Amino acid sequence: MASLLLCLFTGPRTEGVHTVTQLARAALDAGHQASVFLGGDGTAHAESLQPLRAGGVRVVSCSADAAARGWDRPGTPGRGSFVDLGSMASDCDAMLCIGCTASLDGRVVVRHGPADERGWLALRTATALTLTGRSVRVMLDGPGAGFATPLDVRAWLGADPGADLDGLVGDAGATVYVGAATLATHGIDATLARGSVSVVDDAWKATAPETAAQRVLHVATDELTDALAVHAIAADAHDGAEVSTLGLHDGVYETSVLARSLGEQGLAHVRVGAEDCRRRGLAIPAGRGDEYPAIVEAVLSAGATYVW
């Protein structure tokens, strides 16, 4: 029996909650343990996931995030914080995060800037993972490069995400990297980077764990043509990992295109969510459509899982 942690940071009118619900149920049906952590907009699903709790799934929702949105209900079961996420991550064997690119081995990608709550959620996820005792490495990408600048930004809940980043490094012992090219793309002078941020040539490589995972799962939920996702898949394969790519949500379109461009060997490692195809009226590729039980086993068998 294994333990699967599912993190959800996306809110209503997204497919994330359906995917989390079905994966949790599939894990239980297979005899595994499952837990769910809700943060950010994901806290909207606290009540709708009560049936999972009744079925034996531990469901924890960040009460501070829910309160900021006006739907926190004191006294309801499952109210908690990102400290709970740290304990849940310590107790699980595998983790899949929807709405934040983070893996259980401690690599977290911050892809949104200081004035966007999603960037701050990624930093809080990284902080939570430090409670597991694992080495946490944070990569700033895209607008997330804004965290590298010495700005005093209090755009969310009156907090200062930049100070949170400094605390993540100075107090929690994490390391933070940003690519020099990423800074240049966003017009940020590398010499002005915060002292807690290391400027490197390849931030994905810099944040790699000391002991590389033998099996890595990359889950595409949007465009697989995303530059970082493509680079990450190629880099992990180059480092000798067995890399599998799974298309969920709108990612089923992208992975289908990717599969057609690969030879037989590469094709075998490109999978799609069968139900996600059916919901879109797409034909399930022969031999490459995974139902939820197979997806659960893929996550549990991977040394690291990244959702893009």
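From a predicted model like this one, the values you see are computed outputs, not experimental measurements.

Student: Would you explain the overall build of the chain in this entry?
Tutor: A count of helices and strands for the chain gives 13 helices and 15 strands. By the compact-globule yardstick of 19 Å for 308 residues, the chain fits well, its C-alpha radius of gyration being 19 Å. Its C-alpha atoms put the chain at 50 × 50 × 35 Å along the principal axes. Sorting the 308 residues of the chain into buried and exposed places 53% on the buried side. In the structure as shown, the chain presents an accessible area of about 13,100 Å², 53% of it carried by carbon and sulfur atoms.

Student: How do you make sense of the sheet that holds strand β8 (residues 137-140) when you look at a structure like this?
Tutor: Remark on secondary structure: sheet strands pair via backbone hydrogen bonds, oriented parallel or antiparallel. If you trace the five strands from one edge of the open sheet to the other, you get β6-β7-β8-β9-β10, paired in mixed fashion. Strands at the two margins of the open sheet, each flanked by one partner only, are β6 (101-102) and β10 (197-200). When strand β7 (residues 107-110) meets β8, the two strands line up parallel, connected through four bridges. Pairing of Arg 107 across the sheet is with Arg 137, part of β8.

Student: Looking at this structure, I do not really get the packing of aromatic side chains. What am I missing?
Tutor: According to the stated counting rule, one finds six aromatic pairs in the structure shown. When the ring of Trp 204 is compared with that of Trp 308, the centres are 5.8 Å apart and the planes differ by 45°; the resulting orientation is tilted. Note that Trp 204 is positioned in helix α8 (residues 203-206) and Trp 308 in the segment after β15 (304-307), a separation of 104 residues in sequence. The exposure classification of Trp 204 matches that of Trp 308, with both residues buried. Every member of this aromatic cluster is reached through a ring pair, and the members are Phe 9, Phe 37 and Phe 82. Above the ring of Trp 204, the side-chain terminus of Arg 107 is found at 3.6 Å from the ring centroid. Just above the ring of Trp 120 sits the side chain of Arg 124; from NZ or CZ to the centre is 5.2 Å.

Student: Explain the side chain of Arg 124 to me, please; I cannot follow it from the model alone.
Tutor: Note on placement: Arg 124 falls in helix α5 (residues 117-130). On the accessibility criterion, Arg 124 (16% relative accessible area) is buried. Ignoring any residue separated from it by four or fewer positions in sequence, one finds Arg 124 in contact with Cys 62, Asp 65 and Phe 82.

Student: What is the right way to read the packing of α5 against helix α6 (residues 161-170) from this model?
Tutor: Working note: a packed helix pair is described by the angle between its axes plus the distance between those axes. For the pair α5 and α6, interaxial distance at closest approach is 10 Å and the crossing angle is 20°. Relative to α6, the element α5 lies roughly parallel. Considering how the two elements wind past one another, α5 and α6 form a crossing that is left-handed. Across from Trp 120, Leu 123, Ala 126, Thr 127 and Thr 130 in α5, the residues of α6 making contact are Pro 161, Asp 164, Leu 165 and Leu 168. Each residue belonging to the contact of α5 with α6 can be placed in one class, and the counts come to six nonpolar, two polar and one charged.

Student: How should the pairing of strand β1 (residues 3-8) be read in this particular structure?
Tutor: Residues in a regular strand point their side chains to alternate faces of the sheet. Across the six residues that make up β1, a large majority, six, are buried. Side-chain alternation along β1 places Ser 3, Leu 5 and Cys 7 on one buried face and Leu 4, Leu 6 and Leu 8 on a second face that is also buried. Direction of pairing for β1 relative to strand β2 (residues 33-38): parallel, over a ladder of six bridges. Bridge pairing in β2 places Cys 7 opposite Phe 37. Considered for its hand, the β-α-β crossover made up of β1, helix α1 (residues 16-29) and β2 is right-handed.

Cut-offs applied
- All residue numbers refer to positions counted from 1 along the written sequence of the respective chain.
- Given that the model is predicted, a residue must reach a pLDDT of at least 70 before its local features are reported, and side-chain atom pairs must reach 80 or more before they are shown or counted; all residues, however, enter totals for whole chains, interfaces and linings.
- Heavy atoms from the whole structure form the basis of all side-chain values; hydrogens and water molecules are not counted.
- Put simply, DSSP H or I for four residues or longer makes a helix, DSSP E for two residues or longer makes a strand, and each gets a number counted from the N terminus.
- We compute the radius of gyration from the C-alpha atoms alone; for a globule the expected value is 2.2 Å times N to the 0.38, where N is the number of residues.
- Note on classification: 1.4 Å probe, protein chains only; a residue is buried when its accessible area is under 20% of the maximum for its type, exposed when over 50%, partly exposed between these limits.
- What sets the accessible areas is the Shrake-Rupley method with a 1.4 Å probe; for residues, cover comes only from the shown protein chains.
- Any two strands with at least two DSSP bridges between them are considered paired.
- Side-chain rings of Phe, Tyr and Trp, where Trp is taken by its six-membered ring, are said to pair if the distance between their centres is within 6.5 Å; with planes under 30 degrees apart they count as stacked, over 60 as edge-to-face, and otherwise as tilted.
- In this scheme, Lys NZ or Arg CZ marks a charge over a ring once it lies within 6 Å of the ring centre and within 35 degrees of the ring normal.
- The contact criterion used is simple: two residues touch if any of their non-hydrogen atoms lie within 4.5 Å.
- For helices, the axis comes from a line fit to the C-alpha atoms of the stretch in contact; other axes are also lines fit to C-alpha atoms, and the angle between any two N-to-C directions lies between 0 and 180 degrees.
- By the definition adopted for this analysis, an angle is roughly parallel if under 35 degrees, roughly antiparallel if over 145, roughly perpendicular if from 65 to 115, and oblique otherwise.
- By definition, any crossing whose near helix is turned counterclockwise from its far helix by less than a right angle is left-handed, and any crossing with a clockwise turn is right-handed.
- Residues are grouped as follows: nonpolar covers Ala, Val, Leu, Ile, Met, Phe, Trp, Tyr, Cys and Pro; charged covers Asp, Glu, Lys and Arg; every other residue, Gly included, is treated as polar.
- Whether a crossover is right-handed comes down to one check: with the strands pointing away from the viewer, does the path from the first strand over the helix to the second run clockwise; if it does, it is right-handed.

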